[in-house]
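The primary structure of each chain is shown beneath.
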Amino acid sequence: RSRGARFNASLRFSAAHPGRFLLISVSEDGPLSVFENGVQLNRQRSYAHDAEGPPPTLTDWLEA
C-alpha cells in the first residue's frame, strides 16, 4: 500500500496476466520498477547516472 498507485497497479496487473507482459513503472520521484508475473524484477534504487561514459543498458542495469 505504501509504495504508490503506479507501483501497486503494475504489480497487480502483472500478477493478473502472468507470462504476457513486462511492465515498467516510473515513479514521480524517480525510481523505476520492472515487473513480470507479479514480481518486481529490479532492486529499489535510483536510475540516475552520474558516472563518465554512456549509461548502462537495460539488461546490465537489471542484473546489477
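That block above? That's the structure.
Residues numbered from 1 in each chain as written. Predicted model: local features only at pLDDT ≥ 70, side-chain atom pairs only at ≥ 80, totals over all residues. Heavy atoms only, no water.

1. A closer look at the side chain of Ser 33
Then comes step 1: Following the sequence through the fold, Ser 33 ends up in strand 2 (residues 32-36).
Then comes step 2: A polar contact of 3.5 Å, which involves the side chain of Ser 33, links it to the side chain of Gln 40. (Helix = DSSP H or I, 4+ residues; strand = E, 2+ residues; numbered from the N terminus. Polar contact = N/O pair within 3.5 Å; in protein donor to acceptor, adjacent residues only side chain to side chain.)

2. Some details on the sheet that holds strand 2
Then comes step 1: Strand order in the open sheet formed by three strands is 1-2-3, and the pairing between neighbours is antiparallel. Each end of this open sheet is capped by a strand with a single partner; those strands are strand 1 (23-26) and strand 3 (39-40). (Pairing = 2+ DSSP bridges.)

3. Description of the packing of aromatic side chains
Then comes step 1: Throughout the structure, instances matching the rule amount to two aromatic pairs.
Then comes step 2: Ring geometry for Phe 7 and Phe 35: centres 4.9 Å apart, planes at 75 degrees, overall edge-to-face. Remark: Phe 35 occurs in strand 2 and Phe 7 occurs in helix 1 (residues 5-16); sequence separation between them is 28 residues. Judged on exposure class, the residue Phe 7 and its partner Phe 35 are both buried.
Then comes step 3: Measuring from centroid to centroid gives 5.2 Å for Phe 13 and Phe 21, while their planes differ by 55 degrees, and the two rings are tilted.
Then comes step 4: Under the relative-accessibility criterion, Phe 21 is labelled partly exposed at 32%. (Phe/Tyr/Trp six-rings, centres within 6.5 Å; stacked < 30°, edge-to-face > 60°. Buried < 20%, exposed > 50% of the residue type's maximum accessible area, 1.4 Å probe, protein only.)

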